[in-house]
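Chains, contacts and geometry: an overview
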Amino acid sequence: GGGSPRIPQESIVQRIGRLYGAETRVLLHDSPSDSGPLLPPSAQGEDPADDSQYQILGFVARGGVGVVYKARDRNLGREVALKVLRSDRITVPKVAERLIEEAQVGGQLQHPGVVPVYALGLQKDGRPQFVMKLIKGATLAQLLQDRSSPEDDRARFLSQFEQLCQTMAYCHARGVIHRDLKPANIMVGSFGEVLVVDWGFGKVLGIDARGRTKKQEDQTPGPESVIATLRSDAESGQSMVGSIMGTPAYMPPEQALGQVDGLDERADVFALGAVLCEILTGAPAYVGESGDLIIMAAQGKLDDAFGRLDSCGGDPALIELAKDCMSAVPSERPRD
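Note that this is a predicted model, so its numbers are computed, not measured.

1. Some words on the sheet that holds strand β3 (residues 79–85)
The five strands lie next to each other as β1-β2-β3-β5-β4, forming an open sheet whose pairing is antiparallel. Each edge of the sheet is formed by a strand with only one pairing partner; in this case those strands are β1 (54–62) and β4 (117–122). Strand-to-strand twist across the sheet, computed as the mean angle between neighbouring axes with direction ignored, equals 25°. Summarising the sheet, β1 and strand β2 (residues 66–73) pair through seven bridges and their orientation is antiparallel. Bridging from a neighbouring strand, Q55 pairs with R72 of β2. On top of the sheet, helix α2 (residues 93–108) reaches β2, β3, β4 and β5 (128–133); it is set at about 30° to β5, its chief contact.

If you want it as structure tokens, here you go:
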């Protein structure tokens, strides 16, 4: 107390303007599909702070690890998404580490189907935050729910699914698995772009002495680049055996049984099959009460899903692909 009043930090745009006598500000038109007013930033009991570069505009979503806000980059004039560690998680180092790792994975996966991460930093109270592209559109879950029947506009959804598969092929080639693929984590932008979001459960597969990701079968050599994060070389940071993370309705048996150390790309392949099953039949791999889903997933009870696929009227090759991807035994699924 008693100090002089704080002087706002000068932005880079203001500095350039002072040096060159021309502080230019260019703002593009908003997309016609932009949503209406957002909830205030404090709607979820949080109090994010503006800083010299990012102005908080409103609340977007809240998850188990972080809170996402809409913000404006004062230097570039663009709207961004700002994900901040929840204030009630600030004393849990492992949770903060997971948010930082999510930012690092997203920052290194440079593909049109992965949400770009622009920056990693800290709030004034020490909470980590990262800045990423703000997606304007709807989740695949919302779009599937809005259709009148599973046959409605099936070709469009299959095209979006193909884009999803291309994105995951890129991620797998770089040794990264998602572990929570589902329609709610797939965004379809206002102009048809398909993006995989929420990499909070993402895992970087082990790297051998030659710098290649470890795989159980010999594969065709892929790109040399690999992803590395805080936890890549820290044994103490690896997920514990027996822990379960993901969404049971889209989860392979090995993941539901907590066999975390043995998960590889085929866990994502199963989830992709469950998404394809939902596109074709209107429901994912497992349907039931929430308390029963994890048991069904652990036991690989897929008779209902396979029956729905057989009667959905879809292309036989697509039905066969969905079944192959959802095989209860990992070795019977497509590798990637």
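2. Re the sheet that holds strand β6 (residues 137–139)
If you walk across this open sheet you meet the three strands as β6-β8-β9, and the pairing is antiparallel. Edge strands, defined here as strands with exactly one partner in the open sheet, are β6 and β9 (194–196). Strand after strand, the sheet turns through a mean of 25° between neighbouring axes, direction not considered. Bridge count for strand β8 (residues 186–189) against β9 is three bridges, and the pairing is antiparallel. Counterpart to V188 in the pairing with β9 is V194. Helix α4 (residues 154–173) rests against β8 and β9 of the sheet, and its axis sits at about 45° to β9.

3. Focus: the packing of aromatic side chains
Per the stated rule, a full pass over the model turns up two aromatic pairs. Look at F59 and Y69: their rings are 6.4 Å apart centre to centre, the planes differ by 75°, and that puts the pair in the edge-to-face class. Placement of F59 in strand β1 and of Y69 in strand β2 is noted, with a sequence separation of ten residues between them. We classify F59 as buried; its relative accessible area is 9%. Given a relative accessible area of 1%, Y69 falls into the buried group. Lying across the ring of Y118, R78 places its NZ or CZ 3.8 Å from the centre.

4. Focus: empty space enclosed by the protein
One pass over the full model with this rule turns up five cavities of 30 Å³ or more. By volume, the second largest cavity is sized at about 50 Å³. If you trace the second largest cavity, you find it lined by R179, D180, L181, T247, Y250, M251, P252, Q255, A267, D268 and A271. The element best represented in the lining of the second largest cavity is helix α6 (residues 265–281), accounting for three residues. Its residues assigned to classes, the lining of the second largest cavity comprises six nonpolar, two polar and three charged.

5. With respect to the pattern of salt bridges
Taken as a whole and judged by the stated rule, the model has 16 salt bridges. In this structure, a network of salt bridges that share partners links the residues K70, R72, E79 and K136.

6. Thoughts on the packing of helix α8 (residues 303–310) against helix α9 (residues 316–325)
At their nearest, the axes of α8 and α9 sit 10 Å apart, and the two run at 170° to each other. Taken together, α8 and α9 sit at an angle that is classed as roughly antiparallel. Mapping the contact onto sequence places F306, L309 and D310 in α8 and I319, A322 and K323 in α9. Per-class residue counts for the contact of α8 with α9 are four nonpolar, no polar and two charged.

7. Thoughts on α2
For α2, which comprises 16 residues, the first-to-last C-alpha distance of 23 Å matches the rise-based estimate of 22 Å (1.5 Å per residue) to within 8%. Of all the residues in α2, the buried ones are V95, A96, R98, L99, E101, E102, A103, V105 and G106. Buried positions along α2 lie against β2, β3, β4, β5, β7 (176–177) and β10 (203–204).

8. Here we look at the layout of surface pockets
In this structure, the largest pocket encloses a volume near 1,100 Å³. Taken together, 42 residues form the lining of the largest pocket, with V60, A61, V68, M187 and V197 sitting closest to its centre. Only β1, β2, β3, α2, β5 and β6 provide two or more residues apiece to the lining of the largest pocket. It is β1 that contributes the most residues to the lining of the largest pocket, four residues altogether. Among the residues making up the lining of the largest pocket, the classes are represented as 21 nonpolar, eleven polar and ten charged.

9. Some remarks on the nonpolar core
With 45 residues, the main nonpolar core has L109, L164, M168, W199, V275, Y286 and M326 as its most contacted residues. Counting residues per element, the ones that place at least two in this core are α3 (140–146), α4, β8, β9, α6, α7 (290–299), α8 and α9. In terms of residues, this core owes the most to one element, α6, which gives nine residues. In contact with L164, other than residues within four places in its own chain, are L181, I186, V194, V196, L272 and V275. Counting residues in each nonpolar core, the second largest holds 17 residues, with L85, L99, V115 and L134 among its members.

The rules behind the values
Residues numbered from 1 in each chain as written. Predicted model: local features only at pLDDT ≥ 70, side-chain atom pairs only at ≥ 80, totals over all residues. Heavy atoms only, no water. Pairing = 2+ DSSP bridges. Helix = DSSP H or I, 4+ residues; strand = E, 2+ residues; numbered from the N terminus. Axes fitted to C-alpha atoms, helices over the stretch in contact; angles between N-to-C directions. Contact = heavy atoms within 4.5 Å. Phe/Tyr/Trp six-rings, centres within 6.5 Å; stacked < 30°, edge-to-face > 60°. Buried < 20%, exposed > 50% of the residue type's maximum accessible area, 1.4 Å probe, protein only. Lys NZ or Arg CZ within 6 Å of the ring centre and 35° of its normal. 1 Å grid on protein atoms, 1.4 Å probe; cavity = no way out; pocket = protein on both sides within 12 Å on 5 of 7 lines; lining within 4 Å. Points joined across faces, edges and corners; volume = space filled by probe spheres on them. Nonpolar A, V, L, I, M, F, W, Y, C, P; charged D, E, K, R; others polar. Salt bridge = Lys/Arg side-chain N within 4 Å of Asp/Glu carboxyl O. Parallel < 35°, antiparallel > 145°, perpendicular 65-115°, else oblique. Expected span 1.5 Å × (residues − 1). Core = buried A, V, L, I, M, F, W, Y, C linked by side-chain atoms within 4.5 Å.

This is a description of form; function is not addressed.
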